Amino acid sequence: MNHFGMSMLWFWISYIFVTCAGMIHTIINIYVLGMKPMDENGMGEGYEKTKPWHPLYNIISFSIFGFAYMNGLTTPTFTEALITGVIWVGICIVVDVFAWVLIKHPWSLSFREFYIDYQPWITLIYLAILIGPLIGYFITLI
């Protein structure tokens, strides 16, 4: 990886962006559209209705910031994009375990809720993060 620090900057901007997008979408569903909020039985309708949108947020965001990273390299390559995608998805998988499962907060989930009940969305999200830098690389070729 040519510029690990710059790669991490774009990764964290994208990660924070998609996290905020999901939260804002949930809040809009609850307070504007009148969907049910979370309760003791689960995350609620307001959150559940956002799930199909999560992969879309991720493919758009990680492609844009993957492009920003690849475009900043002197000579972007497919290999660099692939390595970046693997690193980004690896970091994301580890961070997600802590941020959304192990550290308890009102929006945290159990292992089952995050890795089984959240299918196919979590798999599509990780795939989107993996290919985001590849899409960004191909955009640099245009």
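A brief structural summary. Each chain carries its own residue numbering, running from 1 in the written order of its sequence. Confidence filtering applies because this is a predicted model: local features only for residues at pLDDT of at least 70, side-chain atom pairs given and counted only at 80 or more, and all residues used for totals across whole chains, interfaces and linings. In computing side-chain properties, one takes all heavy atoms of the structure into account and sets aside hydrogens as well as water.

## Description of the overall build of the protein
Okay, step 1: In DSSP terms, a helix is any run of H or I states spanning at least four residues, a strand is any run of E spanning at least two, and both are numbered starting from the N terminus. Of the regular secondary structure elements, the protein holds six helices and zero strands.
Okay, step 2: The N-to-C order of helical and strand elements in the protein reads α-α-α-α-α-α.
Okay, step 3: Over its C-alpha atoms the protein spans a radius of gyration of 16 Å, differing by no more than 12% from the 14 Å that the globule rule assigns to 142 residues.
Okay, step 4: Counting only C-alpha atoms, the protein reaches 50 × 30 × 25 Å along its principal axes.
Okay, step 5: Scored against the burial criterion, the 142 residues of the protein give a buried share of 40%.
Okay, step 6: What sets the accessible areas is the Shrake-Rupley method with a 1.4 Å probe; for residues, cover comes only from the shown protein chains. As presented, the protein carries roughly 7800 Å² of accessible surface, and 74% of it is formed by carbon and sulfur atoms.
Okay, step 7: The sign given to each residue is positive for Lys and Arg and negative for Asp and Glu; His and the chain ends receive no count. Where a charge sits is defined by one atom per residue type, namely NZ (Lys), CZ (Arg), CG (Asp) or CD (Glu). One finds the centroid of the 5 positive side-chain charges in the protein at a distance of 6 Å from the centroid of its 8 negative side-chain charges. We compute the radius of gyration from the C-alpha atoms alone; for a globule the expected value is 2.2 Å times N to the 0.38, where N is the number of residues. Three exposure classes are used, based on accessible area relative to the maximum for each residue type with a 1.4 Å probe and protein chains only: buried under 20%, partly exposed in between, and exposed over 50%.

## Things to note about the nonpolar core
Okay, step 1: Buried Ala, Val, Leu, Ile, Met, Phe, Trp, Tyr and Cys residues form a nonpolar core when they are joined through side-chain atoms within 4.5 Å. Judged by nonpolar contacts, the single largest core of 21 residues is most densely connected at Phe11, Phe62, Phe114, Tyr126 and Ile129.
Okay, step 2: Elements that contribute at least two residues to this core include exactly helix 1 (4-31), helix 3 (54-71), helix 4 (78-102) and helix 6 (121-140).
Okay, step 3: Those residues in contact with phenylalanine 114 that lie beyond four places of it in its chain are Asp96, Trp100, Val101, Leu109, Ile122 and Tyr126.
Okay, step 4: Formed by six residues, the second largest nonpolar core is a distinct cluster that contains Met70, Ala81, Leu134 and Tyr137. Contact criterion: two residues are considered in contact whenever any of their non-hydrogen atoms come within 4.5 Å of each other.

## A short note on helix 6
Okay, step 1: Expected span of a helix, by definition, is 1.5 Å for each gap between consecutive residues, and there is one gap fewer than residues. Here helix 6 contains 20 residues, and its C-alpha end-to-end distance of 28 Å stays within 8% of the 28 Å for a straight helix at 1.5 Å per residue.
Okay, step 2: In helix 6, a bend of some 35° at isoleucine 131 exceeds every other bend along the element, and proline 133, a proline, comes one to four places later.
Okay, step 3: Looking at helix 6, one finds that the buried residues are Ile122, Ile125, Tyr126, Ala128, Ile129, Gly132, Pro133, Leu134, Gly136 and Tyr137.
Okay, step 4: Where helix 6 is buried, its residues meet helix 3, helix 4 and helix 5 (111-117). Each residue is assigned a bend, namely the angle between axes fitted to the seven residues that terminate at it and the seven residues that start at it.

## Points about helix 4
Okay, step 1: With 25 residues, helix 4 should reach 36 Å at 1.5 Å per residue; the first-to-last C-alpha distance of 35 Å fits that figure.
Okay, step 2: The sharpest bend along helix 4 measures roughly 30° and falls at valine 95.
Okay, step 3: For helix 4, the full list of buried residues reads Glu80, Ala81, Thr84, Gly85, Trp88, Val89, Cys92, Asp96, Val97, Trp100 and Val101.
Okay, step 4: Of the surrounding secondary structure, the elements contacted by the buried residues of helix 4 are helix 1, helix 3, helix 5 and helix 6.

## Some details on the packing of helix 3 against helix 6
Axes are the key here: two packed helices are described by the angle between their axes and the distance separating the axes.
Okay, step 1: One way to put it is that helix 3 packs onto helix 6 with a least axis distance of 7 Å and a crossing angle of 30°. Put simply, helix 3 runs roughly parallel to helix 6. For helix 3 against helix 6, the interelement crossing comes out right-handed.
Okay, step 2: Throughout, the ten residues Ala, Val, Leu, Ile, Met, Phe, Trp, Tyr, Cys and Pro are labelled nonpolar, Asp, Glu, Lys and Arg are labelled charged, and all others, Gly among them, are labelled polar. A breakdown of the residues in the contact of helix 3 with helix 6 according to their chemical character gives 15 nonpolar, eight polar and no charged. To obtain an axis, a line is fitted to C-alpha atoms, over the contacting stretch when the element is a helix, and the angle between two such axes runs from 0 to 180 degrees between their N-to-C directions. Orientation labels follow simple angle bins: below 35 degrees gives roughly parallel, above 145 gives roughly antiparallel, 65 to 115 gives roughly perpendicular, and whatever is left gives oblique. Left-handed describes a crossing whose near helix is turned anticlockwise from the far helix through less than a right angle; right-handed describes the clockwise counterpart.

## Focus on unusual backbone geometry
Comment: phi is negative for the bulk of residues other than glycine, and the bulk of peptide bonds are trans.
Okay, step 1: Of the consecutive residues glutamine 119 and proline 120, the connecting peptide bond is found in the cis state with omega at 0°.
Okay, step 2: Within the secondary structure, proline 120 sits in the loop between helix 5 and helix 6.

## A look at the side chain of serine 61
Okay, step 1: Examined against the element boundaries, serine 61 turns out to sit in helix 3.
Okay, step 2: Within the local environment of serine 61, its side chain forms a polar contact with the side chain of serine 14, the two groups lying 2.5 Å apart.
Okay, step 3: Aside from chain neighbours lying at most four places away, what touches serine 61 is Ser14, Phe17 and Val18. Throughout this description, a polar contact denotes any pair of N or O atoms lying within 3.5 Å of each other; where both atoms belong to protein, one of them has to be capable of donating a hydrogen while the other can accept it, and for residues adjacent in sequence the pair is counted only when both atoms sit in side chains.

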